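Secondary and tertiary structure notes
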Amino acid sequence: MTTSAALLNRKDLFLRASRGEALSRIPVWMMRQAGRYLPEYRAIRATRPFLEVCKTPDLAAEVSLQPFRLLGVDAIIVFSDILIPAEAMGLKIELGDAGPNLPDPVRTKSDVEKLKVFDPEIETGFLPETIRRIAREAGPTVPVLGFAAAPWTLACYMVEGRAREGFATVKSFLLHDPATFRQLLHRIAQATIPYLKAQIAAGASAVQLFDTWSGELSLHDYRDFALPATQEIISALSGSVPVIYYTKASNHLLPAVARSGANVLSVDWRVDLRELREQFGPRISIQGNVDPTVLLGPPNEIRRATKEAMAALGGVGHILNLGHGILQQTPVENAKLFIETGQQALLQEAKPAANWS
């Protein structure tokens, strides 16, 4: 299979990688690939607020498609925000230059009980509609990715009101009222399940759970609180599409993270990919994990780091990505070089296609 042939069916390639199969080449995309490093995105945002873009399918689809057209990424992740379900559950969200703010955080049992159950095709119907539009324009050979926050990470924002170092308020809640905190995580999981199912029904080929703040937890607390709620979501999806589970600063958690049920573990740049494969074998695919700051460096360093990440797993069960979202100040030509470097490396001939449609 030639590189050009592999580009013809990116979806098949992506599903092979998610299934842990040997690949003709490694599929590559970037977290936050639709965003502020692109002049085309900034032009739209110059006249439209962030949440308006998220909630307007024409705009959200256009922003989602920009990195596919400009960089040739192998997967299109829908443009949205992890706080959308929190808003649909009844919380006010303010998104500004200083980051997200939830002015009425969840701090008590009464607050938890007031959280609403919502219909994702009504309250958040703009998101599946955006996915339908992306899938129509990109065609059947390009994977569209949906996503949501994992329960622990969404709870961090819902309780703290914003990202805070150490997350003292949410940890205090967990320690002083563990039963209510588990109820909060369960409610988030129960809201997230239909939210992701709506994205899958709209045409998402895979979904990613972002657990960015999982590394703030001890192994004990992760196993007791965050992991069961994440498992609840993944189990409910019943293998309908591959599930990618991203955790950050989670080296101490990875044996537990591997029990989440996810098909693909997405890890940051602190994780040694060879050691991860040795620990878990081929049963779980791996996504990652070039340091996003590498894309601020010279071309030779971008090529080196990209090839090093690819060589670590030998082209089996690997989705090439960054270890976190692409940085705003990244030159577009550097992002393109990362994608092209990944796509130019041919590996061994692929095995038969994965059993995901």
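Placed above this text is the structure.
A brief structural summary.

Glancing now at the pairing of strand β5 (residues 206-211). Along β5, six of the six residues are buried, which leaves the element largely enclosed by surrounding structure. Every second residue of β5 is oriented toward a common face, with A206, Q208 and F210 on one face and V207, L209 and D211 on the other, all of them buried. Taken together, the five bridges between strand β4 (residues 144-149) and β5 define a ladder with parallel strand orientation. Residue F147 lies in a different strand from β5, and its bridge partner there is Q208. As paired strands, β5 and strand β6 (residues 243-247) are joined by five bridges and run parallel to one another. Residue pairing for β6: L209 is matched across the bridge by Y245. Crossover handedness for the path β5 to helix α12 (residues 219-237) to β6: right-handed.

Another aspect to go through is the pairing of β4. Of all six residues in β4, six are buried; the element is thus mostly enclosed. Here β4 shows two buried faces, one formed by V144, G146 and A148 and the other by L145, F147 and A149. In terms of strand pairing, strand β1 (residues 76-77) meets β4 through two bridges, oriented parallel. In the strand pairing of β4, I77 is matched with L145.

Read across the open sheet, the seven strands follow the order β1-β4-β5-β6-β7-β8-β9; overall the sheet is parallel. Only two strands of the sheet have a single partner each, and these edge strands are β1 and β9 (318-319). Taken together, the three bridges between β6 and strand β7 (residues 264-266) define a ladder with parallel strand orientation. Bridged to I244 within β7 is V264.

Attention now goes to the packing of helix α10 (residues 168-176) against helix α11 (residues 178-202). A pair of packed helices is captured by two measures, namely the crossing angle of their axes and the spacing between those axes. Between α10 and α11, the least distance of the axes is 5 Å, while the angle of their chain directions is 120°. The angle between α10 and α11 falls in the class oblique. Seen from α10, the contacting residues are V170, F173, L174, L175 and H176; seen from α11, they are P178, T180 and F181. Split by residue class, the contact of α10 with α11 holds six nonpolar, two polar and no charged.

Looking at the largest pocket, its volume works out to about 1,300 Å³. As for the largest pocket, its lining consists of 38 residues, and the residues nearest its centre are R32, R36, F50, S80 and D81. Residue assignment for the lining of the largest pocket shows that the elements contributing at least two residues are α3 (39-45), β2 (94-96), β3 (99-101) and α9 (151-160). Among the residues making up the lining of the largest pocket, the classes are represented as 21 nonpolar, eleven polar and six charged. Of the voids in this model, the second largest pocket is the one considered here, and its volume is about 250 Å³. Along the wall of the second largest pocket there are 14 residues; nearest its centre are V271, L273, N289, E308 and A309. Ranked by the residues each element gives to the lining of the second largest pocket, the list is headed by helix α15 (residues 299-313), at five residues.

Per the counting criterion, the structure on display carries nine aromatic pairs. An aromatic cluster of three or more residues is present, and its members are W152, F173, F181 and F225. Its end group placed over the ring of F225, R182 keeps NZ or CZ at 4.2 Å from the ring centre.

Now for the pattern of salt bridges. One pass over the structure, following the stated rule, counts 19 salt bridges. One salt bridge connects E87 with K55, and the closest N-O pair in it is separated by 2.7 Å. Of this pair, E87 sits in helix α6 (residues 84-88) while K55 sits in helix α4 (residues 50-55), and the two are 32 residues apart along the sequence. Of the charged contacts in the structure, one is a salt bridge between E129 and R136, with a shortest N-O distance of 3.9 Å. Look at the salt bridges and you will find they share partners, linking D58, E121, E129, R132, R133 and R136 into a network.

Conventions adopted
Residues numbered from 1 in each chain as written. Predicted model: local features only at pLDDT ≥ 70, side-chain atom pairs only at ≥ 80, totals over all residues. Heavy atoms only, no water. Buried < 20%, exposed > 50% of the residue type's maximum accessible area, 1.4 Å probe, protein only. Helix = DSSP H or I, 4+ residues; strand = E, 2+ residues; numbered from the N terminus. Pairing = 2+ DSSP bridges. Right-handed = clockwise from strand over helix to strand, strands pointing away. Axes fitted to C-alpha atoms, helices over the stretch in contact; angles between N-to-C directions. Parallel < 35°, antiparallel > 145°, perpendicular 65-115°, else oblique. Contact = heavy atoms within 4.5 Å. Nonpolar A, V, L, I, M, F, W, Y, C, P; charged D, E, K, R; others polar. 1 Å grid on protein atoms, 1.4 Å probe; cavity = no way out; pocket = protein on both sides within 12 Å on 5 of 7 lines; lining within 4 Å. Points joined across faces, edges and corners; volume = space filled by probe spheres on them. Phe/Tyr/Trp six-rings, centres within 6.5 Å; stacked < 30°, edge-to-face > 60°. Lys NZ or Arg CZ within 6 Å of the ring centre and 35° of its normal. Salt bridge = Lys/Arg side-chain N within 4 Å of Asp/Glu carboxyl O.

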